[in-house]
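Summary of structural features
For reference, the chains in residue letters:
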Protein chains: 2
Amino acid sequence: MSELQKIAEHRSFDGFQQRFEMRSQALNSSTRFSVYLPPAAAQQRVPAVFWLSGLTCTDENFVTKAGAQMYASRLGLALIMPDTSPRGDGVPDDPDGSYDLGLGAGFYVNATQAPWQSHYQMYSFVVEELYETVIANFPIDGQRIGISGHSMGGHGALCLGLRNPERFGSISAFAPICAPSNCPWGQNALSAYLGDARDAWTVYDACALLRAQPPTQPILVDQGSADEFLAEQLGTENLVAATSGLDHVRIHMREGYDHSYFFIASFIGDHLEFHAANV
Amino acid sequence: MSELQKIAEHRSFDGFQQRFEMRSQALNSSTRFSVYLPPAAAQQRVPAVFWLSGLTCTDENFVTKAGAQMYASRLGLALIMPDTSPRGDGVPDDPDGSYDLGLGAGFYVNATQAPWQSHYQMYSFVVEELYETVIANFPIDGQRIGISGHSMGGHGALCLGLRNPERFGSISAFAPICAPSNCPWGQNALSAYLGDARDAWTVYDACALLRAQPPTQPILVDQGSADEFLAEQLGTENLVAATSGLDHVRIHMREGYDHSYFFIASFIGDHLEFHAANV
């Protein structure tokens with residue numbers, strides 16, 4: 001297991017906001033991630049929530065903008081925040097420089113296509129390498145871990161959570177890309193990373209996964225009605241249809257809220273309470 | 001009075017996070033400021049807190065990083081967040097490009113020296129022009145306004161508040177520059193903006209103001225013990241000495257906290273509760 005280098009630490013709500021760098025085998029690159037440790041972690045192992053960020057983000061956006069530490073401190077939850085793609089020398093980026101492919105846009109998949117497949121293994125990185133690294137290195141209860149995320153990271157939280165119920169006991173998402181096989185962001189990324197054969201996309205499409213098998217974990221989703229990406233990219237109606245009649249899935253439409261971190265901050269308390277109660 | 005142009009709006013904790021641009025007479029430039037309106041402002045005039053940010057900030061740092069909207073929403077407080085200096089074409093900056101003079105470093109003074117005096121009138125802008133603008137344009141109770149800020153903005157909150165008790169009913173600060181006449185940041189800025197005659201500095205030095213006259217308003221100050229600027233720049237011990245024996249002044253040293261927004265976020269709830277109770 002790779003050694004962790006602590007590159008930042010701040011006292012926050014009686015706990016610690018930390019940032020680390022490690023060499024990742026899955027990503028074949030160095031990578032950074034952030035951790036919030038609540039005060040309870042000084043005495044005992046605590047439950048944790050993985051947070052997967054959206055397009056263009058690093059591990060830092062959620063750390064600085066979501067206001068999550070206050071709730072995590074009170075609830076005794078650790079927060080684990082990876083980057084959104086591999087980065088560094090030799091890691092390919094979209095030659096057109098678009099924001100929705102390549103750096104900052106790993107989509108939490110294991111790429112199979114050139115030039116992506118040698119580094120873009122975010123699925124394995126999060127589910128296996130980072131997951132095992134944080135349990136080994138932090139006072140985290142490996143039996144009580146949830147997963148959440150925003151937009152591309154909401155897609156990631158749903159897919160990684162649904163496929164790994166033994167690893168993630170609760171799943172939540174803000175404004176997730178619900179059906180990437182059927183929207184421009186998803187089609188662009190999945191065809192680049194996985195190729196044009198759509199059979200390979202199914203395991204990275206939350207609605208396809210849910211249609212194949214009902215979820216074993218409770219799921220909470222919040223979506224803003226004024227979200228500028230709702231109609232074209234997010235496909236919330238597909239998620240509503242795919243989870244119809246499931247009592248342990250709650251999907252809230254929030255009137256007037258947009259796609260920004262102001263939306264996330266407004267409801268992150270609900271999500272962390274949900275994870276604390278369900279992991 | 002100048003016309004306000006709304007340049008951004010986001011739903012936030014059932015209220016609205018807004019950003020405006022206006023032409024300022026005091027600053028002889030256009031300027032931007034942010035406003036948070038809590039849900040209570042839809043029904044009635046609400047109390048407000050002015051927030052003055054620190055070196056290098058704009059109006060946006062506090063908006064995105066402090067997590068203040070949750071408390072402001074619950075307490076029914078509006079938040080008013082100006083920029084930290086004039087900006088735009090023709091506004092001079094430090095020719096050396098330093099971060100502690102010129103753009104982003106207005107120090108909330110009315111400059112008297114060239115080349116600064118034609119634009120750097122942040123004292124009058126905040127106390128008069130912006131103050132009157134927000135009362136005229138927003139559902140804010142002009143009898144219940146407090147002032148707070150961080151670092152350079154903590155200095156500003158103390159000075160503007162102490163000099164204008166009829167305008168600001170409560171004062172608070174995070175890691176303020178307490179005695180700018182006696183630290184490198186303050187001496188550099190005050191000599192540039194006001195000249196080398198130190199008599200002119202007194203009205204912009206919180207400790208000098210407090211020694212001349214005890215405050216009429218309650219004051220709350222938080223300071224991190226691990227603040228990297230504490231020893232050289234902030235001079236908290238001078239503020240402690242200048243307010244010794246005053247029951248309505250509380251100064252807390254917070255063990256292990258640094259100068260960052262993680263510190264502000266950890267205690268902004270205490271400060272907004274203080275203002276809600278005292279304005």
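All values reported here derive from a predicted model rather than from experimental measurement.

Structural notes on the overall build of chain A
- Looking only at helices and strands, chain A features nine helices and nine strands.
- The C-alpha atoms of chain A give a radius of gyration of 17 Å, which matches the 19 Å a tight globule of 279 residues would have.
- With respect to the three principal axes, the spread of C-alpha positions in chain A is 50 × 45 × 30 Å.
- Considering chain A as a whole, with its 279 residues, one finds that 61% of them fall into the buried category.
- Considering only intrachain contacts with a sequence separation of at least 6, the fraction spanning at least 24 residues in chain A is 71%.
- Counting only carbon and sulfur atoms, one obtains 46% of the accessible surface of chain A, whose full area is about 10,300 Å².

Re the interface of chain B and chain A
- Taken together, the 23 residues of chain B in the interface contact 23 residues of chain A.
- Counting the surface lost from both chain B and chain A, the interface buries some 1,800 Å², and carbon and sulfur atoms represent 59% of this.
- For the chain B face of the interface with chain A, the top three residues by lost area are Arg11, Phe13 and Phe262 of chain B, together amounting to 35%.
- Between chain B and chain A we count zero salt bridges in total.
- Where chain B touches chain A, the interface holds eight residue pairs in polar contact (both at pLDDT 80 or more).

Considering the side chain of Asp222 of chain B
All names here are of chain B.
- Topologically, Asp222 is positioned in strand 8 (residues 219-224).
- Owing to a relative accessible area of 0%, Asp222 belongs among the buried residues under this scheme.
- Once residues within four sequence positions are removed from consideration, Asp222 is found in contact with Ala173, Phe174, Ala175, Pro176, His252, Arg254, Phe263, Phe267 and His271.

Observations regarding the relation of the copies chain B and chain A
- The transformation that overlays chain B on chain A combines an axial shift of 0.0 Å with a rotation of 180°, and the residual RMSD is 0.0 Å. When the rotation and shift are considered jointly, the pair of chain copies conforms to a two-fold rotation axis.
- Both copies share a contact surface, since 100% of the interface residues of chain B are interface residues in chain A too.

Looking at the packing of aromatic side chains
- Counted by the stated rule, this structure contains 34 aromatic pairs over all chains.
- Their ring planes at 15° and their centres at 4.0 Å tell us that Trp51 of chain A and Phe62 of chain A sit as a pair that is stacked. One end of the pair, Trp51 of chain A, is in strand 4 (residues 46-52); the other, Phe62 of chain A, is in helix 1 (residues 60-65), with eleven residues separating them in the sequence. Of the two residues, Trp51 of chain A and Phe62 of chain A, both sit in the buried class.
- Plain terms: the ring middles of Tyr99 of chain A and Trp185 of chain A are 6.4 Å apart, the flat faces sit at 85° to each other, and that makes the pair edge-to-face. Here the residue Tyr99 of chain A occupies a position in the loop between strand 5 (78-82) and helix 3 (122-137), and Trp185 of chain A occupies one in helix 5 (residues 184-194), the gap between them amounting to 86 residues.
- Each member of the aromatic cluster is reached from another via a ring pair, and the members are Trp51, Phe62, Phe174, Tyr257, Phe263 and Phe267 of chain A.
- Here the guanidinium or amino end of Arg163 of chain B rests over the ring plane of Tyr204 of chain B, the centre of that ring lying 5.0 Å away.

Focus on the pattern of salt bridges
All names here are of chain A.
- Taken as a whole, this structure holds 16 salt bridges over all chains when the rule is applied.
- Between Glu132 and Arg167 there is a salt bridge, with its nearest N and O atoms 3.0 Å apart. Pair noted here: Glu132 is in helix 3 and Arg167 is in the loop between helix 4 (152-163) and strand 7 (171-174), with a separation of 35 residues, a long-range link.
- Via salt bridges that share partners, Arg19, Asp59 and Glu60 belong to a single interconnected network.

Topic: the pairing of strand 1 (residues 5-12) of chain B
Residue and element names in this part refer to chain B.
- Relative to strand 2 (residues 15-24), strand 1 runs antiparallel, the two sharing seven bridges. Directly across from Ala8, in strand 2, lies its bridge partner Arg19.
- Counting the residues between successive antiparallel strands, the hairpin from strand 1 to strand 2 contains two residues, one of them, Phe13, with a positive phi of roughly 50°.

Observations regarding unusual backbone geometry
- Between Ala114 of chain A and Pro115 of chain A the backbone carries a cis peptide bond, its omega angle lying at 0°.
- Along the chain, the position of Pro115 of chain A falls in the loop between strand 5 and helix 3.
- Non-glycine residue Thr56 of chain A carries a positive phi angle of around 75°.
- Mapped onto the secondary structure, Thr56 of chain A falls in the loop between strand 4 and helix 1.
- Relative accessible area serves as the criterion here: at 53%, Thr56 of chain A is assigned to the exposed category.
- Within the chain, Phe107 of chain B stands out as a residue other than glycine whose phi angle is a positive 60°.
- Mapped onto the elements, Phe107 of chain B comes out in the loop between strand 5 (78-82) and helix 3 (122-137).

Rules and cut-offs
- Residues numbered from 1 in each chain as written.
- Chains lettered and ligands numbered in written order.
- Predicted model: local features only at pLDDT ≥ 70, side-chain atom pairs only at ≥ 80, totals over all residues.
- Heavy atoms only, no water.
- Helix = DSSP H or I, 4+ residues; strand = E, 2+ residues; numbered from the N terminus.
- Rg over C-alpha atoms; globule rule 2.2 N^0.38 Å.
- Buried < 20%, exposed > 50% of the residue type's maximum accessible area, 1.4 Å probe, protein only.
- Contact = heavy atoms within 4.5 Å.
- Areas by Shrake-Rupley, 256 points an atom, 1.4 Å probe, with all protein chains shown as cover.
- Buried area = accessible area lost by both parts, 1.4 Å probe.
- Salt bridge = Lys/Arg side-chain N within 4 Å of Asp/Glu carboxyl O.
- Polar contact = N/O pair within 3.5 Å; in protein donor to acceptor, adjacent residues only side chain to side chain.
- Least-squares fit on C-alpha atoms with pLDDT ≥ 70 in both.
- Phe/Tyr/Trp six-rings, centres within 6.5 Å; stacked < 30°, edge-to-face > 60°.
- Lys NZ or Arg CZ within 6 Å of the ring centre and 35° of its normal.
- Pairing = 2+ DSSP bridges.

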